[in-house]
Amino acid sequence: MNDIFDGLAAAFWLVVSFDPELIEISLRSLQVTLGALVLSCAIALPLGTFLAIRRFRYRRLTISVLNALMGLPPVVVGLIVYILLSRSGPFGVLGLLFTPTAMVIAQVIIITPLIASITHQAMRELWAEYHDLLISLNTSQWQRVKTLVWDGRRNLLTAALAGFGRGIGEVGAIMIVGGNIDNATRVLTTAIALETGKGDFALALALGFVLIALAIGVNVSIHWLSRTEREGRW
Amino acid sequence: MTTILPLTLQDVAVRRRGKRLIGPVTTTLGRQGITIIVGPNGSGKTTLLKVMHGVERISTGTVRWAVPDSEAQHHQGYVFQTPIMLRRSVADNLRYPLQLHNIAKAETEQRMIDWARKIGLHDHLQISATRLSGGEKQRLALGRALIRRPEVLFLDEPCANLDGASTRDIEALLIEARKAGTRIVMTTHNIGQAKRLADDALFMLHGIIKEAGPARAFFDAPQSKELMAFFRGDIIA
């Protein structure tokens, strides 16, 4: 129990003293995960919506695969991205291994199926509601996607936040492709793993609390910005 | 102005899973007035409307407008029995069909305000459409269909779940639309409403048009014994 209080105290001091190292790795955590989130949303939101409104031959299979990929083990993703980006790999010439870009790539692969799948679920319901009207109004495929994305934006926010949650707390993949290099690719989760390994539980816990605070902070601020859960809205 | 009418249905049949929903149906929709379709549940009224609107796949026969289908589609509106509200404000629901056609912003706003006033919802512009009452929703759906100035408007039992006052509002809007030259085709279960609005009428039974004609003859001197029974209020199977 003492370890936890020590951790809380250490976290408090790290935060109030604006510890430069803490700020750096926290910002890098945010930068990597938000970067991955933006890219993933750009892929997953239209993809999930498209799957909801378009009938095509392998649709069921695609959806099943997507749902299965939600549980993709991050370590395996990290390993595959590592192999692809390593010197001898197909993308070795780009020199991306052990950079934040590599971490973003790995996270995009991990969170895109999750966001696409949640998007698909939400859009399917909305599409069932709108279907007749949008057909009757003679809308184009693209207009339908736009309408559903706009009117379902609150559900999509949930999908994005789920993706953010999975990304920010993820350690396996970014440890492998980032390498946890001080001042270069160290983020909150990899730092926690490192400090725990070294036996510095107070610091590890402090970083952990900062990570949780960060996750809550981002969620609350996004909800606040998008004005959900206000009276008269849903 | 070129017109998309008349609409001609020739030997149209719709079958689903081996079951005949309607057909064979042959009829022509002239240029003016309100056509009322009556008939018991399951007689194929809604299917017929959807066939005319072009959203129901037909198994045999032809449906032909005076212009190519792609052109005709832009000049039709459809109002559903249960109004489908976009999860947006009343104003945005009215703007939506105009935005689909990339109509200039100033004109969109003008028409939106005009129609909000006509349907009596100009005090509710910023309210979410999903929070309106049943009657208000149906008025909004009607306004949203008419705002594109369709040449033909299809309505599928628009007053089915409405009380007297709301029904009167809807009927007033429909009569005004007819005056403005909109061709209206509507199904209803309410014989009183059918008599009030119809210029001509169709009686659907078991998927075929059992009887059709100008309103006066149709209501005052029905020819088939089924239609007579229907007007008497008998249950026809």
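I will try to describe carefully the structure that is included in this document. Here the structure is a predicted model, which means the values were calculated and not measured. Note that residues are indexed from 1 along each chain, following the sequence as it is written. The order in which chains are written sets their letters, starting at A; the order in which ligands are written sets their numbers, starting at 1. Totals for whole chains, interfaces and linings use all residues, but because this is a predicted model, local features are given only for residues with pLDDT of at least 70 and pairs of side-chain atoms are given and counted only at 80 or more. As a rule here, side-chain values come from all non-hydrogen atoms in the structure, and water together with hydrogens is ignored.

1. Thoughts on the interface of chain A and chain B
Right, on to step 1. Tallying the contact residues gives 18 residues for chain A and 20 residues for chain B.
Right, on to step 2. Summed over both partners, the accessible surface that disappears when two parts come together, traced with a 1.4 Å probe, is what is meant by buried area. Summing the contributions of chain A and of chain B, the shared interface buries around 1800 Å²; its carbon and sulfur component is 53%.
Right, on to step 3. Salt bridges are identified by distance alone: a Lys or Arg side-chain nitrogen within 4 Å of an Asp or Glu carboxyl oxygen. Its salt-bridge partner being Glu129 of chain A, residue Arg87 of chain B comes within 2.8 Å of it at the nearest N-O pair.
Right, on to step 4. Within 3.5 Å is the distance limit for a polar contact, defined as a pair of N or O atoms, with the added protein rule that one can donate a hydrogen and the other accept it, and that residues adjacent in sequence qualify only through two side-chain atoms. The tally of links between chain A and chain B comes to seven residue pairs in polar contact (both at pLDDT 80 or more).
Right, on to step 5. Note on conventions: DSSP H or I runs of at least 4 residues are helices, E runs of at least 2 residues are strands, and numbering of each starts at the N terminus. Breaking the side of chain A that touches chain B down by element, the ones donating at least two residues are helix 5 (100-136) and helix 6 (141-151) of chain A.
Right, on to step 6. Take the side of chain A that touches chain B: its biggest share by element is eight residues, from helix 5 of chain A.
Right, on to step 7. A breakdown of the residues in the side of chain A that touches chain B according to their chemical character gives eight nonpolar, seven polar and three charged. Only heavy atoms enter the contact rule, under which two residues are in contact if any of them lie within 4.5 Å. Any residue outside Ala, Val, Leu, Ile, Met, Phe, Trp, Tyr, Cys, Pro, Asp, Glu, Lys and Arg is labelled polar, Gly included; the first ten of those are nonpolar and the last four are charged.

2. With respect to the packing of helix 7 (residues 153-168) of chain A against helix 10 (residues 201-226) of chain A
Any two packed helices are characterised by the angle at which their axes cross and by the distance between the axes.
All names here are of chain A.
Right, on to step 1. Fitting a line to C-alpha atoms yields each axis, with helices limited to the stretch in contact; the angle taken between N-to-C directions then spans 0 to 180 degrees. In the contact formed by helix 7 and helix 10, the axes pass within 11 Å of each other and the chain directions differ by 165 degrees. The orientation of helix 7 relative to helix 10 falls into the category roughly antiparallel. The way helix 7 lies across helix 10 gives a crossing that is right-handed. Residues Arg154, Leu157, Leu161, Phe164 and Ile168 of helix 7 form the contact with helix 10, whose own contacting residues are Leu211, Leu214, Ala215, Val218, Asn219, Ile222, His223 and Ser226.
Right, on to step 2. For the contact of helix 7 with helix 10, the per-class residue count stands at nine nonpolar, three polar and one charged. Throughout, the term roughly parallel applies to angles under 35 degrees, roughly antiparallel to angles over 145, roughly perpendicular to angles from 65 to 115, and oblique to all others. Note: crossing handedness is left-handed where the near helix turns anticlockwise from the far helix by less than a right angle, and right-handed where it turns clockwise.

3. Considerations on the sheet that holds strand 2 (residues 19-29) of chain B
All names here are of chain B.
Right, on to step 1. Strands qualify as paired when DSSP identifies two bridges or more between them. Strand order across the open sheet formed by three strands is 2-1-4, with antiparallel pairing between neighbours. With partners counted over all chains shown, the strands left at the sheet margins are strand 2 and strand 4 (60-64), one partner each. When the angles between neighbouring strand axes are averaged without regard to direction, this sheet yields 20 degrees.
Right, on to step 2. Where strand 1 (residues 7-16) meets strand 2, seven bridges bridge the pair, whose relative direction is antiparallel. Looking across to strand 2, one finds that Val14 is bridged to Ile22.

4. Quick word on the side chain of Arg183 of chain B
All names here are of chain B.
Right, on to step 1. Relative to the helices and strands, Arg183 is located in strand 7 (residues 183-187).
Right, on to step 2. Note on classification: 1.4 Å probe, protein chains only; a residue is buried when its accessible area is under 20% of the maximum for its type, exposed when over 50%, partly exposed between these limits. Here Asp and Glu are counted as negative and Lys and Arg as positive; His is not counted, and neither are the chain ends. Lacking a salt bridge, the buried Arg183 has Asp200 as its closest oppositely charged neighbour, with an N-O distance of 4.3 Å.
Right, on to step 3. In this structure the side chain of Arg183 is engaged in a polar contact, spanning 2.6 Å, whose partner is the backbone oxygen of Gly30.
Right, on to step 4. Setting aside residues no more than four positions away along its own chain, Arg183 makes contact with Leu5, Leu29, Gly30, Arg31, Gln32, Gly33, Ile34, Thr35, Glu151, Val152, Leu153 and Asp200.

5. Some remarks on the environment of Phe91 of chain A
All names here are of chain A.
Right, on to step 1. For Phe91, the position within the fold is in the loop between helix 4 (74-85) and helix 5.
Right, on to step 2. According to the relative accessible area criterion, Phe91 is partly exposed, its value standing at 42%.
Right, on to step 3. Separated by 10 residues in the primary sequence, Phe91 and Val81 place their C-alpha atoms 9.6 Å from one another.
Right, on to step 4. Setting aside residues up to four positions removed in sequence, Phe91 forms contacts with Leu84 and Leu85.

6. Observations regarding helix 6 (residues 164-179) of chain B
Along an α-helix, residues three or four positions apart point the same way, because every turn accommodates 3.6 residues.
All names here are of chain B.
Right, on to step 1. Multiply 1.5 Å by the residue count of a helix minus one, and that product is the helix's expected span. Over its 16 residues, helix 6 extends 22 Å from the first C-alpha to the last, a length consistent with the 22 Å expected when each residue adds 1.5 Å.
Right, on to step 2. Elements that come into contact with the buried residues of helix 6 comprise strand 3 (34-38), helix 4 (105-118), helix 5 (134-146), strand 6 (152-156), strand 7 and helix 7 (191-197).
Right, on to step 3. The positive-phi residue at the C-terminal boundary of helix 6 is Gly181, with phi of around 100 degrees.

Function cannot be read off these values alone, since they describe shape.
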